Amino acid sequence: MCDKDNPIRWIFQQNRDKMMTKTFRELYKAELRKPTPASVFVSRVAEATKRKENTVRMWLAGRQQPDKLARERIAELLGVDADGLFPDNTENSIIN
C-alpha cells in the first residue's frame with residue numbers, strides 16, 4: 001500500500017517534508033502563529049454567544065456580565081450549570 005492510499009499518513013508525510021525544509025527560526029515563528037488554548041476558548045465562547053471576542057474578554061476580566069441567554073449558551077457549550085459560571089462579585093471578593 002502506498003502512502004496515497006492512506007490519506008492521514010500521506011498528509012503527515014507532506015507536513016513533515018515541509019517542516020524539514022524550514023529553518024529553526026521559521027519553525028519557531030510558525031509555532032508563535034498558532035492559537036493558544038486560551039484564545040481558542042475565547043473564540044469558541046464568542047461564536048457560541050454571537051458576541052465579539054473582546055466582549056468575552058471583558059466577561060473574563062469581570063468588567064461586564066453576559067446576559068441570561070449568553071450565560072445559558074456558555075453553560076451549554078462547556079457542559080456546566082449556568083448559575084455557577086458568573087457568581088455575584090461580592091461572593092468572590094477578597095474583602096467582604
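Definitions and cut-offs
Residues numbered from 1 in each chain as written. Predicted model: local features only at pLDDT ≥ 70, side-chain atom pairs only at ≥ 80, totals over all residues. Heavy atoms only, no water. Helix = DSSP H or I, 4+ residues; strand = E, 2+ residues; numbered from the N terminus. Buried < 20%, exposed > 50% of the residue type's maximum accessible area, 1.4 Å probe, protein only. Contact = heavy atoms within 4.5 Å. Areas by Shrake-Rupley, 256 points an atom, 1.4 Å probe, with all protein chains shown as cover. Polar contact = N/O pair within 3.5 Å; in protein donor to acceptor, adjacent residues only side chain to side chain. Salt bridge = Lys/Arg side-chain N within 4 Å of Asp/Glu carboxyl O. Axes fitted to C-alpha atoms, helices over the stretch in contact; angles between N-to-C directions. Parallel < 35°, antiparallel > 145°, perpendicular 65-115°, else oblique. Left-handed = near helix turned anticlockwise from the far one by under 90°. Nonpolar A, V, L, I, M, F, W, Y, C, P; charged D, E, K, R; others polar. Core = buried A, V, L, I, M, F, W, Y, C linked by side-chain atoms within 4.5 Å.

A. Examining the overall build of the protein chain more closely. The helix and strand inventory of the protein chain stands at 7 helices and 0 strands. Relative to its full complement of 96 residues, the protein chain shows a buried share of 11%. Of the contacts formed within the protein chain by residues at least 6 apart in sequence, a portion of 19% connects residues at least 24 apart. Approximately 8,200 Å² of the protein chain is accessible, and the part contributed by carbon and sulfur atoms is 55%.

B. Spotlight on the side chain of Thr49. Position of Thr49 among the secondary structure elements: in helix α3 (residues 37–49). A distance of 2.8 Å separates a polar side-chain atom of Thr49 from the backbone oxygen of Val45. In this view, Thr49 contacts Trp59, Ala70, Arg73 and Ile74; residues no more than four positions away in its chain are not counted.

C. Fine view of the pattern of salt bridges. Applying the stated criterion across every chain, the model contains 4 salt bridges. The residue Arg51 makes a salt bridge to Asp67 at a minimum N-O spacing of 2.7 Å. Here the residue Arg51 occupies a position in the loop between α3 and α4 (53–61), and Asp67 occupies one in the loop between α4 and α5 (68–78), the gap between them amounting to 16 residues. A salt bridge links Lys68 to Glu72, with the shortest nitrogen-to-oxygen separation between them at 4.0 Å. With a gap of 4 residues between them, Lys68 and Glu72 both fall in helix α5, about one helical turn apart.

D. View of the environment of Glu47. Residue placement: Glu47 occurs in helix α3. Judged by relative accessible area, which is 64%, Glu47 ranks as exposed.

E. Representation of the packing of α3 against α5 in the model. Where α3 meets α5, the axes come as close as 9 Å, and the angle between the chain directions of the two elements is 125°. By the angle between their axes, α3 is oblique relative to α5. Where α3 crosses over α5, the two elements pack in a sense that is right-handed. Each of Phe41, Arg44, Val45, Ala48 and Thr49 in α3 lies in contact with α5, whose residues at this interface are Ala70, Arg73, Ile74, Leu77 and Leu78. The residue makeup of the contact of α3 with α5, split by class, is 7 nonpolar, 1 polar and 2 charged.

F. Layout of the nonpolar core. Of all hydrophobic cores here, the largest spans 7 residues; its members are Val42, Val45, Ala46, Val56, Trp59, Ala70 and Ile74. Of all the secondary structure elements, the ones that give two or more residues to this core are α3, α4 and α5. At 3 residues, α3 tops the list of elements feeding residues into this core. Beyond its immediate chain neighbours, meaning those up to four positions away, Val45 contacts Val56, Trp59, Ile74 and Leu77.

G. Main features of the packing of α3 against α4. Two elements in contact, α3 and α4, have axes whose closest approach is 8 Å; the angle formed by their N-to-C orientations is 110°. Classed by the angle they form, the pair α3 and α4 counts as roughly perpendicular. Side by side, α3 and α4 meet where Phe41, Val42, Ser43, Val45, Ala46 and Thr49 of the first sit next to Glu53, Val56, Arg57, Trp59 and Leu60 of the second.

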